[in-house]
Amino acid sequence: MIYFAKWKVILVCVVCAFGVLFTVPNFLDTKDADSMPKWLPHQQVVLGLDLQGGSHLLMEVAVGAVIKERLETLVDSVRTALRKERIRYQGLGAKGNAISVTIRTPDKEAVAQQLIREIGGRIANPSSGGLVPGGEPGFTVEKNERGQIVLSLTERTIRDWSVNAVEQSIEIVRRRIDETGVREPTIQRQGTDRILVQLPGVDDPERIKRLLGKTAKMTFHLTDPRVSAAEAMAGRVPPGAFLAPSVDERDPSGQSRMYLLRKRTMVSGENLVDSQPSFDSRTNEPVVTFRFDSVGARRFGDVTSKSVGKVFAIVLDGKVISAPVIREPILGGSGQISGSFSVQGARDLALLLRAGALPAPLTILEERTVGPGLGADSIAAGKIASIVGLVFVVVFMVVAYGLFGLIADIALFFNMILILGVLSFLQATLTLPGIAGIVLTIGMAVDANVLIFERIREEVRIGRTPISAIEAGYSRAITTIVDANLTTLIAALLLYQFGSGPIRGFAVTLSVGIATSMFTAIMLTRLLVVTWLRRRQPQELPI
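Residues numbered from 1 in each chain as written. Predicted model: local features only at pLDDT ≥ 70, side-chain atom pairs only at ≥ 80, totals over all residues. Heavy atoms only, no water.

**Observations concerning the sheet that holds strand β15 (residues 272-279)**
Ordered by their spatial adjacency, three strands build an open sheet running β15-β16-β19, and the pairing between neighbours is antiparallel. Edge positions in the open sheet fall to β15 and β19 (334-337), since each of these has one partner strand only. Across this sheet, the average inter-strand angle for adjacent strands is 25°, counted without regard to direction. Where β15 meets strand β16 (residues 286-292), seven bridges bridge the pair, whose relative direction is antiparallel. In the sheet register, Gln 276 faces β16, and the bridge partner there is Thr 289. Of the strands in this sheet, β16 and β19 are in contact with helix α9 (residues 294-306), which crosses β16 at around 110°. Each of β15, β16 and β19 touches helix α10 (residues 343-355); the most contacted strand, β15, lies at about 175° to it. (Pairing = 2+ DSSP bridges. Helix = DSSP H or I, 4+ residues; strand = E, 2+ residues; numbered from the N terminus. Axes fitted to C-alpha atoms, helices over the stretch in contact; angles between N-to-C directions. Contact = heavy atoms within 4.5 Å.)

**Topic: the pairing of strand β2 (residues 54-61)**
Judged by how many residues are buried, β2 sits mostly within the fold: seven of eight residues are covered. For β2 and strand β10 (residues 194-200), the ladder comprises seven bridges, and the chain directions are antiparallel. The residue bridging Met 59 from the neighbouring strand is Ile 195, located in β10. Across eight bridges, β2 lies against strand β20 (residues 362-370) in antiparallel orientation. Paired with His 56 across the strands is Arg 368, a residue of β20. (Buried < 20%, exposed > 50% of the residue type's maximum accessible area, 1.4 Å probe, protein only.)

**Here's the deal with the sheet that holds strand β4 (residues 98-103)**
Across the sheet, which stays open at both edges, the four strands sit in the order β3-β4-β8-β7 with antiparallel pairing between neighbours. Unpaired on one side and paired on the other, β3 (89-95) and β7 (139-143) mark the two borders of the sheet. Strand after strand, the sheet turns through a mean of 15° between neighbouring axes, direction not considered. Inspection of the sheet shows β3 paired to β4 by five bridges, in the antiparallel sense. Residue Tyr 89 lies in a different strand from β4, and its bridge partner there is Ile 103. Seen against the sheet, helix α4 (residues 63-84) touches β3, β4 and β8 (148-153) and runs at an angle of roughly 165° to β3.

**Here we look at the packing of aromatic side chains**
Under the criterion given, the structure shown has 14 aromatic pairs. Ring geometry for Phe 220 against Phe 290: centres 5.8 Å apart, planes inclined by 55°, an arrangement best described as tilted. Within this pair, whereas Phe 220 is found in strand β11 (residues 218-222), its partner Phe 290 is found in strand β16, the two being separated by 70 residues in sequence. In this structure Phe 220 comes out as buried when scored by relative accessible area, which is 1%. Accessibility expressed as a relative area gives 4% for Phe 290, which makes it buried. Seen from their ring centres, Phe 290 and Phe 300 are 6.1 Å apart, and the 85° between their planes marks the pair as edge-to-face. Of the two residues, Phe 290 sits in strand β16 while Phe 300 sits in helix α9, which places them 10 residues apart along the sequence. An identical accessibility class is assigned to Phe 290 and Phe 300; each is buried. By the ring-pair criterion, three or more aromatic residues cluster together here, those being Phe 220, Phe 290, Phe 292, Phe 300 and Phe 312. (Phe/Tyr/Trp six-rings, centres within 6.5 Å; stacked < 30°, edge-to-face > 60°.)

**With respect to the confidence of the model for the protein chain**
Per-residue confidence for the protein chain gives a mean pLDDT of 83, with 95% of residues at or over 70. Within the protein chain, strand β5 (residues 131-132) has the poorest average pLDDT of any element, 48, and helix α12 (residues 403-426) the best, 90. Under a pLDDT of 50 for its full length, residues 127-132 has, in the predicted model, 18 contacts with residues more than four places off or in other chains. (pLDDT = per-residue confidence, 0-100.)

**A few points about the nonpolar core**
Nonpolar side chains tend to gather and get buried jointly when the protein is soluble and globular. If you look at the biggest cluster of nonpolar residues, it comprises 36 residues, and the most contacted ones within it are Phe 404, Leu 423, Phe 453, Ile 456, Ile 470 and Leu 541. Breaking this core down by element, the ones donating at least two residues are α11 (372-401), α12, α13 (432-445), α14 (447-461), α15 (466-498) and α16 (502-536). Of the residues forming this core, the biggest block, seven residues, is contributed by α12. Excluding its chain neighbours within four sequence positions, the residues that come into contact with Phe 404 are Phe 453, Ile 456, Ile 470, Val 529, Trp 532, Leu 541, Pro 542 and Ile 543. (Core = buried A, V, L, I, M, F, W, Y, C linked by side-chain atoms within 4.5 Å.)

**Details of the environment of Ile 503**
As for its placement among the helices and strands, Ile 503 is situated in helix α16. Overall, the relative accessible area of 42% leaves Ile 503 in the partly exposed class. The spacing of Ile 503 and Ala 492 is 11 residues in sequence and 9.5 Å in space, taken between C-alpha atoms.

**Structural notes on a nonpolar patch on the surface**
Judged by side-chain polarity, Val 482, Leu 486, Ile 490, Leu 494 and Phe 498 come together as a nonpolar surface patch covering roughly 490 Å² of accessible area. With respect to the secondary-structure elements, Leu 494 resides in helix α15. (Patch = residues over 30% accessible without salt bridge, like charges linked within 9 Å, V, L, I, M, F, W, Y side chains within 5 Å. Areas by Shrake-Rupley, 256 points an atom, 1.4 Å probe, with all protein chains shown as cover. Salt bridge = Lys/Arg side-chain N within 4 Å of Asp/Glu carboxyl O.)

**A look at the pattern of salt bridges**
Counting across every chain of the model gives 18 salt bridges. Put simply, Arg 257 and Glu 249 hold a salt bridge, and the shortest N to O gap is 3.1 Å. Overall, the relative accessible area of 39% leaves Arg 257 in the partly exposed class. Between Arg 464 and Glu 459 there is a salt bridge, with its nearest N and O atoms 2.5 Å apart. Overlapping salt bridges bring together Arg 455, Glu 458, Glu 459, Arg 464 and Arg 476 as one network.

**Notes on a positive patch on the surface**
Together, Arg 262, Arg 264, Lys 306 and Lys 310 line one region of the surface with positive charge. By secondary structure assignment, the location of Lys 310 is in the loop between α9 and β17 (312-316). Assessed through its relative accessible area of 40%, Lys 310 is described here as partly exposed. (Lys, Arg positive; Asp, Glu negative; His and termini not counted. Charge placed at Lys NZ, Arg CZ, Asp CG, Glu CD.)

This is how it looks when you write it as structure tokens:
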């Protein structure tokens, strides 16, 4: 017992020193902490939504829009394939989870069915030839009683598309929020088609809502010259074309100017690799510059080379944000979007394009804004609870165990430092339940010492010497200490695994507190007791 290995002494000293280094920045202002030398820890504990205020959003992914878009893509692909093979058809369209078409030349029906089956395989599940996981077909192609060829999607395919849409939406939402600089956001799936977003410290929740509410699907389309926009608005929209309103252009009546565009997407925003806010060198107005990948640059160059003198519309979420006339081929794979942008608007658009387009629109179902005043009250209440609990524990230990109780209090002080240090190092989010976990840990931290000290008292009563009693107390209490803390740790891990939000915050601080309290009780307290025992060599223990 008297012998304490040198490596253990070094380990205890190093761990306590690192705990102090990682804890100190929490008592400094953010600016002072950030100005510290880079080789020193400067991370601070991240406060959760309930402590520093912010926004809570519950959004729903419109998975039906994804299915509709995929079916429209399927219809366009079938139309193109049938025309290429010169197969006459009528009534091509989508309804529900299927598309149908009537072939007017009976001798071409078999060829048409094969074409539709191949196209369905490419769109239903491109990576596996139309088979969903498990090898099952993702669609069926058959002829109904009305003579139509019908391609129907299976429930498994619809479900897979829905799951993928939600997962992609979560990733895009995370990218957009990361671009805004929000620290430690909570973004997680809730239910089958909902996303929960918690943004601590957000001072402009309306801007965040605007960023998340935009699909940001950008496409490039040529105008359709077959009829004028006025004729199309009167109901003469040609096949393969659609009307799109301008964002900032107005007609003489004050209404948004309408453009008649070809449905075929010449270049998609999926090929963008970068977009940045900038200023036009001629007009000094805010613009957004963009750059395509190699595939997009080649398509962009081909389109602009073949369409000199034509209007090339840039469409964002179904609205024309810019419609320049192509003056010359653009072969570099980059360009700029001009319009009536403010500086902040140009930044937000560049951010949206960089983060990527949402696969489906998001609808905000629930919104809550937590003010910083409520968080300040919670922090103040948490401080009071922690201090009161700490004082009672310290006084009790000194009264009950004397000098040994004072040693336990020193270990408790370092235990609190280590908890803050670990939370700072992990950049864990501290919530109000997390503060409750810390307060609970204060009481639990001395449990191990109480078990050891009571065991030492029993050994003293039966006549053991001080050294023998202390050695027996530590060796015989260690099993009980490990069992008690291990079961609590298992419960905390289960809370973290199956809980969410505040429950996880409680589980994190409780787990960290258990680990640090075991270290301080078994290692630090024992080192202090051994040091005192070597120097004093008492005949009786003051316990």
